[in-house]
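# Descriptive analysis of the structure
What follows is the residue order along each chain.
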Amino acid sequence: QDGVSKSVDSTYYQSIIGSLLYVAIATRPDISQAVRVLSKFCASPTEAHLTASKRVPRYLKGTENLSLRFKKSVSETLTGYSDADWAGDLDDRHSTSGNLFILANGTISWMSKKQATVALSTAESEYVALSQATQEVIWLRRLLKDLGMFVDQPTVIHEDNKGAISIARNPVFHGRTKHIDIRYHFIREAIQNGDIDVKYIPSNEMIADILTKPLAKTQFMKLRDLMGMDKMD
């Protein structure tokens, strides 16, 4: 937070953030990370925060022809991506989790959220994010079954941290996991039950990265396209 900037009307700032949150949750996952960061300052916003918040509507105005596009494919398979930005919050050193799920070549569920506890390593922050993605995928699988879709194979969740994958698959990885809250270890049970399968993916192909941190323009646009954001006709 910029200590030099003057305070601004919090009600006005909150109205902007509230509107942006609605858009981020409903139709524009590409602004989720930016809105999450801006929402931290709703209690006492400054001119610097207000200026930053106005950049998001300008971005939306410049990309108003973009929307989530779903396309029919031969294999209607639910696919997930999970990522974390370790200690990315410079105020309290908490990490940020991001996950998204794609069906019919378009994103149907996404999340950008600060983790509740401080992670001691990149692998731990990725593991916590993976547990949140696992909760979401179990709910999505039940929803798809209720809608009449046949979901018999494990849902693949892509992860770019091999350490987190090892923790998820190896229940005797005691040295680096004994301090991790037990509630996060249900990932292992989900793997054993055949609900999920965790697979490695290179970091530059991790779509959920767009939900955890600011990115260079080229990488941002690449991941935005992979989310299923497409120009309307």
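Let us look at the structure shown here. It should be emphasised that the depicted structure is a prediction, and the values quoted were computed from it without experimental measurement.

Our focus in this paragraph is the overall build of the protein. When its secondary structure is counted, the protein shows 8 helices and 7 strands. Relative to its length of 233 residues, the protein is compact, with a C-alpha radius of gyration of 19 Å against a globular reference of 17 Å. For the C-alpha atoms alone, the extent of the protein along its principal axes is close to 55 × 50 × 30 Å. Summarising the internal contacts of the protein: among those between residues at least 6 apart in sequence, 72% fall at separations of at least 24. Surface accessibility of the protein: about 12,300 Å² in total, with carbon and sulfur atoms responsible for 55%. Considering the protein, the positive charge centre built from 29 side chains and the negative charge centre built from 27 side chains are found 2 Å apart.

Attention now moves to the packing of helix α4 (residues 122-146) against helix α5 (residues 162-169). Packing of α4 against α5 leaves a shortest axis separation of 8 Å and a crossing angle of 60°. Judged by the inter-axis angle, α4 sits oblique to α5. Helix-helix and strand crossings are classified by hand; for α4 and α5 the assignment is right-handed. Across the interface between the two elements, A123, E126, Y127 and L130 of α4 pack against G163, A164, I167 and A168 of α5. Partitioning the contact of α4 with α5 into residue classes produces 6 nonpolar, 1 polar and 1 charged.

With that settled, consider the environment of S19. Note that S19 resides in helix α1 (residues 10-26). Residue classification places S19 among the partly exposed residues on the basis of a relative accessible area of 46%. Spatially, the C-alpha atoms of S19 and D152 are 39 Å apart, while their sequence positions differ by 133 residues. Here S15 takes part through its backbone oxygen, which lies 3.0 Å from a polar atom of the side chain of S19.

The next thing to look at is the packing of aromatic side chains. Within the structure shown, the criterion is met by 1 aromatic pair. Ring geometry for Y59 against F220: centres 6.0 Å apart, planes inclined by 75°, an arrangement best described as edge-to-face. Note that Y59 is positioned in helix α3 (residues 47-62) and F220 in helix α8 (residues 217-226), a separation of 161 residues in sequence. Residue Y59 is classed as partly exposed on the basis of its relative accessible area, which comes to 24%. Across the ring face of Y200, the terminal group of K162 is positioned such that the distance to the ring centre comes to 4.9 Å.

Attention now goes to the layout of surface pockets. Its boundaries defined by the atoms lining it, the largest pocket holds a volume of some 820 Å³. What lines the largest pocket is a set of 31 residues, among which Q33, A34, V37, K213 and P214 lie closest to the centre. Within the residue set of the lining of the largest pocket, elements represented by two or more residues are α2 (32-39), α3 and α8. The residue makeup of the lining of the largest pocket, split by class, is 14 nonpolar, 6 polar and 11 charged.

This paragraph deals with α2. Among the residues of α2, those classed as buried are S32, Q33, V35, R36 and L38. Where α2 is buried, its residues touch α1, α3, β3 (96-103) and β4 (106-114).

Following the sequence through the fold, T63 ends up in the loop between α3 and β1 (66-68). Classification of T63 by relative accessible area gives buried; the value is 11%. The residues touching T63, leaving out its near neighbours within four places in the chain, are R28 and R224.

Spatially, the 5 strands line up as an open sheet ordered β4-β3-β2-β5-β6, and their pairing is mixed. A strand with exactly one partner marks an edge of an open sheet, and here the two such strands are β4 and β6 (196-200). On average, each strand axis in the sheet is tilted by 20° relative to the strand beside it, whichever way the strands run. Where strand β2 (residues 79-85) and strand β5 (residues 155-159) come together, 4 bridges link them in parallel fashion.

This brings us to a nonpolar patch on the surface. Together, W139, L143 and L147 line one region of the surface with nonpolar side chains, adding up to about 330 Å² of accessible area. Looking at where L143 falls in the secondary structure, it is placed in helix α4. Here L143 falls in the partly exposed class, since its relative accessible area comes to 31%.

Taken across its 5 residues, β5 has 5 buried, putting it largely inside the fold. Of the two faces of β5, the one carrying T155, I157 and E159 and the one carrying V156 and H158 are both buried. Pairing geometry for β5 and β6, over 5 bridges, is parallel. Opposite I157, over in β6, you have V198 as the bridge partner.

Parameters at a glance
- Residues numbered from 1 in each chain as written.
- Predicted model: local features only at pLDDT ≥ 70, side-chain atom pairs only at ≥ 80, totals over all residues.
- Heavy atoms only, no water.
- Helix = DSSP H or I, 4+ residues; strand = E, 2+ residues; numbered from the N terminus.
- Rg over C-alpha atoms; globule rule 2.2 N^0.38 Å.
- Contact = heavy atoms within 4.5 Å.
- Areas by Shrake-Rupley, 256 points an atom, 1.4 Å probe, with all protein chains shown as cover.
- Lys, Arg positive; Asp, Glu negative; His and termini not counted.
- Charge placed at Lys NZ, Arg CZ, Asp CG, Glu CD.
- Axes fitted to C-alpha atoms, helices over the stretch in contact; angles between N-to-C directions.
- Parallel < 35°, antiparallel > 145°, perpendicular 65-115°, else oblique.
- Left-handed = near helix turned anticlockwise from the far one by under 90°.
- Nonpolar A, V, L, I, M, F, W, Y, C, P; charged D, E, K, R; others polar.
- Buried < 20%, exposed > 50% of the residue type's maximum accessible area, 1.4 Å probe, protein only.
- Polar contact = N/O pair within 3.5 Å; in protein donor to acceptor, adjacent residues only side chain to side chain.
- Phe/Tyr/Trp six-rings, centres within 6.5 Å; stacked < 30°, edge-to-face > 60°.
- Lys NZ or Arg CZ within 6 Å of the ring centre and 35° of its normal.
- 1 Å grid on protein atoms, 1.4 Å probe; cavity = no way out; pocket = protein on both sides within 12 Å on 5 of 7 lines; lining within 4 Å.
- Points joined across faces, edges and corners; volume = space filled by probe spheres on them.
- Pairing = 2+ DSSP bridges.
- Patch = residues over 30% accessible without salt bridge, like charges linked within 9 Å, V, L, I, M, F, W, Y side chains within 5 Å.
- Salt bridge = Lys/Arg side-chain N within 4 Å of Asp/Glu carboxyl O.

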